[in-house]
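Letter by letter, the chains look like this.
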Amino acid sequence: QVQLVESGGGLVQAGGSLRLSCAASIGSFSDYPVAWFRQAPGKEREFEAAISWSGRQTYYADSVKGRLDISRDKVKNTVYLQVNSIRPEDTAVYYCATGERAAVTATQTERFDYWGQGTQVTVSS
């Protein structure tokens with residue numbers, strides 16, 4: 001069993017940057033890939049980025065390539081998502097997810113067994 005906790009969300013101005021964190025409060029995800037998804041009001045949850053268990057492989061949705069940077073600190077058991085040049089359309093609840101069935105190139109929510117509660121990001125124009 002793994003419990004994930006996201007943090008780092010908040011209100012940010014368009015054009016700025018934000019770093020979100022995902023930590024395991026119970027258990028560990030050091031052996032699993034970890035992904036970030038986001039869900040805007042009235043929309044489905046969508047894949048943003050993922051990182052392999054080693055941290056050596058990353059994968060991004062085409063829509064966010066060049067603006068997002070995912071990384072992980074194995075010592076701190078934490079995964080980060082840096083969002084740069086942030087836009088009002090980035091407003092959403094951001095979730096991290098992991099699990100034994102996950103893969104770094106998996107984008108479907110069904111592939112991830114463990115989810116955090118989400119952190120709200122609101123971008124003002």
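Residues numbered from 1 in each chain as written. Predicted model: local features only at pLDDT ≥ 70, side-chain atom pairs only at ≥ 80, totals over all residues. Heavy atoms only, no water.

Visitor: So what's going on with the overall build of the protein? Which residues, and what values?
Guide: Summing up its helical and strand segments, the protein has zero helices and 11 strands in all. Each helix and strand of the protein, ordered N terminal to C terminal, gives the series β-β-β-β-β-β-β-β-β-β-β. By the compact-globule yardstick of 14 Å for 125 residues, the protein fits well, its C-alpha radius of gyration being 13 Å. With the principal axes as the frame, the protein shows a C-alpha extent of 40 × 25 × 25 Å. Sorting the 125 residues of the protein into buried and exposed places 45% on the buried side. Restricting the contact set of the protein to residue pairs at least 6 apart, pairs at least 24 apart contribute 57%. With 13 positive and 13 negative side-chain charges, the protein shows a spacing of 4 Å between the two charge centroids. (Helix = DSSP H or I, 4+ residues; strand = E, 2+ residues; numbered from the N terminus. Rg over C-alpha atoms; globule rule 2.2 N^0.38 Å. Buried < 20%, exposed > 50% of the residue type's maximum accessible area, 1.4 Å probe, protein only. Contact = heavy atoms within 4.5 Å. Lys, Arg positive; Asp, Glu negative; His and termini not counted. Charge placed at Lys NZ, Arg CZ, Asp CG, Glu CD.)

Visitor: So, the pattern of salt bridges: which residues are in play, and what are the values?
Guide: Oppositely charged side chains may form a pair once their charged atoms are brought near each other. Considering all chains together, one arrives at six salt bridges under this definition. With its nearest N and O atoms 2.7 Å apart, the salt bridge here joins D90 to R38. Of this pair, D90 sits in the loop between β8 (78-83) and β9 (92-98) while R38 sits in strand β4 (residues 34-39); the two residues are 52 residues apart in sequence, bridging distant segments of the chain. Classification of D90 by relative accessible area gives buried; the value is 0%. A salt bridge links D113 to R101, with the nearest nitrogen and oxygen atoms 2.8 Å apart. Here D113, found in the loop between β9 and β10 (114-115), pairs with R101, found in the loop between β9 and β10; they are 12 residues apart in sequence, far enough to count as distant. A relative accessible area of 36% places D113 in the partly exposed class. (Salt bridge = Lys/Arg side-chain N within 4 Å of Asp/Glu carboxyl O.)

Visitor: Residues and numbers for the sheet that holds strand β7 (residues 68-73), please.
Guide: Across the sheet, which stays open at both edges, the four strands sit in the order β1-β3-β8-β7 with antiparallel pairing between neighbours. Looking along the sheet, the strands with just one partner apiece sit at the ends: β1 (3-7) and β7. Strand-to-strand twist across the sheet, computed as the mean angle between neighbouring axes with direction ignored, equals 20°. Bridging between β7 and β8 involves six bridges; their strand directions are antiparallel. Opposite I70, over in β8, you have L81 as the bridge partner. (Pairing = 2+ DSSP bridges. Axes fitted to C-alpha atoms, helices over the stretch in contact; angles between N-to-C directions.)

Visitor: So what's going on with the packing of aromatic side chains? Residues and values would help.
Guide: In the structure shown here, the tally under the stated rule is six aromatic pairs. For the pair F37 and F112, a centre-to-centre distance of 5.3 Å together with 80° between the ring planes defines the contact as edge-to-face. One end of the pair, F37, is in strand β4; the other, F112, is in the loop between β9 and β10, with 75 residues separating them in the sequence. Residue F37 shares its accessibility class with F112, and that shared class is buried. Measuring from centroid to centroid gives 5.0 Å for F37 and W115, while their planes differ by 55°, and the two rings are tilted. With a gap of 78 residues between them, F37 in strand β4 and W115 in strand β10 connect regions that are remote in the sequence. Residue classification places W115 among the partly exposed positions, given a relative accessible area of 25%. (Phe/Tyr/Trp six-rings, centres within 6.5 Å; stacked < 30°, edge-to-face > 60°.)

In short, geometric facts, not functional conclusions.
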